[in-house]
Amino acid sequence: VQLVESGGGLVQPGGSLRLSCAASGFTFSNYDMRWYRQAPGKERELVATISSAGGATNYADSVKGRFTISRDNPKNTMYLQMNSLKLEDTAAYYCNAYRFFFKIYDYWGQGTQVTVSS
């Protein structure tokens, strides 16, 4: 099982980034997917979720209207489009695959750093 995030980097306030999470080693389309983030000295925060088929999404209040989560099941990839970035969006961003089927299946990527700075 592997989840590999990419697309992080340094961006100015108001800018945009698109994160990707490439999945392998499991049946991607069976899993709900999530983006989390963790800033230095803070707890990990759930940013956005998307259901296995992509029909349902949810967002943290702090990113609503600015971030968009999506997925491409044939490509085994999830995305996070981040617009109007703010200083407080600076964090390591992690993708997570989750499924409950008789037991919990819970996989994590290694993270990608997003730094918003002028």
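Summarised in this report is the structure supplied together with it. (Residues numbered from 1 in each chain as written. Predicted model: local features only at pLDDT ≥ 70, side-chain atom pairs only at ≥ 80, totals over all residues. Heavy atoms only, no water.)

1. Some details on the pattern of salt bridges
Applying the stated rule across the entire model yields four salt bridges. Salt-bridge contacts for Arg 66 lead to Asp 89; the nearest nitrogen and oxygen are separated by 2.7 Å. Remark: Asp 89 occurs in the loop between β8 (77–82) and β9 (91–100) and Arg 66 occurs in the loop between β6 (57–59) and β7 (67–72); sequence separation between them is 23 residues. Across this residue pair, the class does not change: Arg 66 and Asp 89 are buried. (Salt bridge = Lys/Arg side-chain N within 4 Å of Asp/Glu carboxyl O. Helix = DSSP H or I, 4+ residues; strand = E, 2+ residues; numbered from the N terminus. Buried < 20%, exposed > 50% of the residue type's maximum accessible area, 1.4 Å probe, protein only.)

2. Things to note about the packing of aromatic side chains
Across all of its chains, the model carries seven aromatic pairs by this definition. Here the aromatic rings of Phe 26 and Phe 28 are separated by 6.5 Å at their centres, their planes lie at 55 degrees, and the arrangement is tilted. The burial state of Phe 26 is the same as that of Phe 28; both residues are buried. Ring centres 4.8 Å apart and planes at 70 degrees place the aromatic pair Phe 26 and Tyr 31 in the edge-to-face group. (Phe/Tyr/Trp six-rings, centres within 6.5 Å; stacked < 30°, edge-to-face > 60°.)

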